[in-house]
Amino acid sequence: MTTGPTSAATRWLRFFASTLPLLVVLLTAVLLGAGEKIHTVMLQHGESKWEQYALLRVDPEKPDCDLKGPAKPVEAAAEVEDLFADPEASDESAEAAKKECLERHAEYNGLIARITDDVRSFRSKELLVAHFVEWGIGHARHLLVLIILIGGITATFTRHHIGLRNAMSVKEDRVAQSVQLLANVFLLSSFFSLKRIYADTGESGQGATLLWLWIGGFGVMSAGNLWNLLRPTPALQREGGSLNNAFLSVPLYASMTLISTLYFLWKEDGHWPGVAIYLEALLDNAILYIQVALYLWVGMMLKHTRLAALIFDVLRPWKLPPQLLAVVVVTLAAIPTAFTGASGIFVIATGGIIYHELVKSGAHRQLAFAATAMSGSLGVVLGPCLLVVIVAAMNYKVVTTDQLFHMGRYVFLLSAATFAVAGIIIFLRSSVKFVRPNLGVAARESMKAIGQIVPYIAIGATVWAIYRFLLDTKMDEHSAPAILPVMMVAILAFDRIAARVMARRMGEDAKAVAGVGQSLGASTAEAAGHIGGLLSLMGLSICIGAVIERSEIMSLFPQEFGSAFAAMALLVVIKVIVGMIMDPYGAVILVSQTLAPIAYKNGIDPVHFWMMVLTAFELGYLLPPVALNRILTRQVIGEAEYQRMKHEGTTFWTRHEGTLLPLGVMGFVLAVVAFVPLWFY
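Just so it is clear, the model here is predicted, and its values are computed rather than measured.

S.K.: Could you clarify how one ought to interpret helix α11 (residues 286-303) in this entry?
M.R.: For the α-helix, the turn length of 3.6 residues means that residues three or four positions removed from each other point alike. A rise of 1.5 Å per residue sets the reference length of α11, with its 18 residues, at 26 Å; its end C-alpha atoms lie 26 Å apart and thus fit the reference within 8%. Across the 18 residues of α11, 16 count as buried, placing the element largely inside the fold.

Structure follows, in structure tokens:
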């Protein structure tokens, strides 16, 4: 068999088994996000067109009283039991009953007369939307489980789960696949154990259905690991590899699964369902984690447009030194980061473009790597970032999104100013010379590039206006996950059509340019692997958080320090460590349940505390041993480029700039955010 047909068959199999189902689920989530607003608008339209439309939504029930019956009902039994009843009172009661019957029939006939064909046609559509929204609300958990499992299965077969490094040889891959297989078997066993508990208690319905979904999903993932063990990818080196590198290649979620399972088996008397119970806790915030998947999808669609490259076209004519260009890029990246939910999502979406554009401008690879890893760090405190929404949702009694976003603006300004100062210092200490551009030429080229971006802005504004004025929906942290996918689909369609038109004008083969459907499919296929990797990591981070909480490690720390400064110092260290080993969403759950109460007891303001937490997390995501944003940057630039980056540089600073620059900038920002406000309490 030739490789061509096999490759085509594999692509089609992945499309129908992964891409298409995920696309359907994600589009369903988007429609549900707009469905409630659409239904409200339809009800308002119905009421404006037909008075008391609420009474016309269903056919009224015909009254069961008889208009032709006697005015005075005669019942022998009643007469015997009530020989001394007042005849006049009985007559009045009968007349009242007949009058009420006449009114009920009149109301019924009036409603029937008003239910015209137009009403029937409209209400059939309105009720369809209403039932769809009701179904979606009742099945949000199922949608999330499907998203996790479709993504997880895709990430398993494509070897796309998040680990500290990629397996480079067959030996390393076999170790990674074996450990992952063991982890998936543990998860499968945990959910089987939970299912037995459900069976013993007579549980049925949605809970049992969800368990079957989990069991089927982890069963397929286990089969995927067996397949990968039997058929190593040709890209792997047949010789070489070390055991140390092999264990570094094990996906983080698999390591977390083993740790959690062993804890429940060893410390909790063989409690097999433990991991499944806490993994299902992810479903308690199903809407929020569905939004994470939608943001990732948005990021992948952004990656498959020319928008990021066009923005660089605006900056390129000014010939900024690479150090200053990095400052501009990292600062501007804060805005899309806020709309993609988390810094890691933005790195996945645009990290490759940012890294290669900075290298092209003359930046050292270490500087380009640092800037790429930090490209999303400044925006996580700005609205409508989903991470802040989750913080507020889990701590609604003490903080609100408005409070956090208000303080987040000041943290962003501090971070941007600090990074700008660092960039200027690095530039002044380098041998790079500032080349003054021709202002007229630079302005013209820059304006020309801006002109190419204007249609994208117009399309985004049009989608925003439709939601704002037709659906009465503002663009905020609650609506953004539903609006942005629609906006990006429209932008992607325009971008692909425009790219083909440009190719024809230049005499090139337009068919060689990816079309709308091809790009949408590629975006969804790529999103599937990232969604599976990230949501698996988030789910098992919750389990690790549960292990930390149940093991009462936090009880070893004093609850009251007598000084807000002392409490803050310890909390800062802990938060950075948590950020170094956990993903943000799982870490928020752990901190909310264990460390936040300690901060409040020691007089630390809740808004101040959470600003410190978010800043500490971002520092942790840039530091070993896990350093999630560094891992994601490594993935998007490729292992070969990462190895070149590691061996570049002649001085200590240039060899380690990728670590030292984020440490210096975010460490200073964290110190200011954590301790300066305490002086003003």
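We are not done yet, so read on.
S.K.: What should I look at first to understand the packing of aromatic side chains in this one?
M.R.: Centre-to-centre distance and the angle between the planes together describe a pair of aromatic rings. For the structure on display, the rule yields 19 aromatic pairs. Taking 5.5 Å as the distance between ring centres and 75° as the angle between the ring planes, the aromatic pair formed by Tyr-263 and Phe-264 counts as edge-to-face. When sorted by exposure, Tyr-263 lands in the same class as Phe-264, which is buried. By the ring-pair criterion, three or more aromatic residues cluster together here, those being Trp-12, Phe-15 and Phe-16. One residue, Lys-267, lies across the ring of Trp-266, its end atom 4.8 Å from the ring centre. It is Arg-468 that lies over the ring of Phe-469; its NZ or CZ is 5.9 Å from the centre.

S.K.: Would you mind going over the environment of Glu-641 with me for this structure?
M.R.: Tracing the sequence through the fold places Glu-641 in helix α27 (residues 639-646). Through-space distance from the C-alpha of Glu-641 to that of Arg-365 is 8.7 Å; in sequence the pair is 276 residues apart. Excluding residues within four positions of it along the chain, Glu-641 makes contact with Tyr-355 and Arg-365. In terms of polar contacts, Glu-641 uses its side chain to reach the side chain of Arg-365, at 2.5 Å.

S.K.: I keep staring at the confidence of the model for the protein and nothing clicks. Help me out?
M.R.: Reading predicted coordinates in detail is not appropriate for stretches of low pLDDT. When the pLDDT values of the protein are averaged, the result is 86; 93% of them are 70 or greater. When the criterion is pLDDT under 50, residues 1-6 qualifies, and its contacts beyond four places in sequence or with other chains add up to 1 contact. In this model residues 71-81 is a low-confidence stretch, pLDDT under 50, and it forms 7 contacts with partners more than four residues away in sequence or in other chains.

S.K.: How should I be thinking about the environment of Val-359 in this particular structure?
M.R.: Tracing the backbone shows Val-359 in helix α15 (residues 343-360). For the pair Val-359 and Lys-511, spaced 152 residues apart in the sequence, the C-alpha separation amounts to 31 Å. In this structure, Val-359 is in contact with Arg-365 and Ala-368, ignoring residues within four places of it in sequence.

Reading guide: rules and limits
Residues numbered from 1 in each chain as written. Predicted model: local features only at pLDDT ≥ 70, side-chain atom pairs only at ≥ 80, totals over all residues. Heavy atoms only, no water. Helix = DSSP H or I, 4+ residues; strand = E, 2+ residues; numbered from the N terminus. Expected span 1.5 Å × (residues − 1). Buried < 20%, exposed > 50% of the residue type's maximum accessible area, 1.4 Å probe, protein only. Phe/Tyr/Trp six-rings, centres within 6.5 Å; stacked < 30°, edge-to-face > 60°. Lys NZ or Arg CZ within 6 Å of the ring centre and 35° of its normal. Contact = heavy atoms within 4.5 Å. Polar contact = N/O pair within 3.5 Å; in protein donor to acceptor, adjacent residues only side chain to side chain. pLDDT = per-residue confidence, 0-100.

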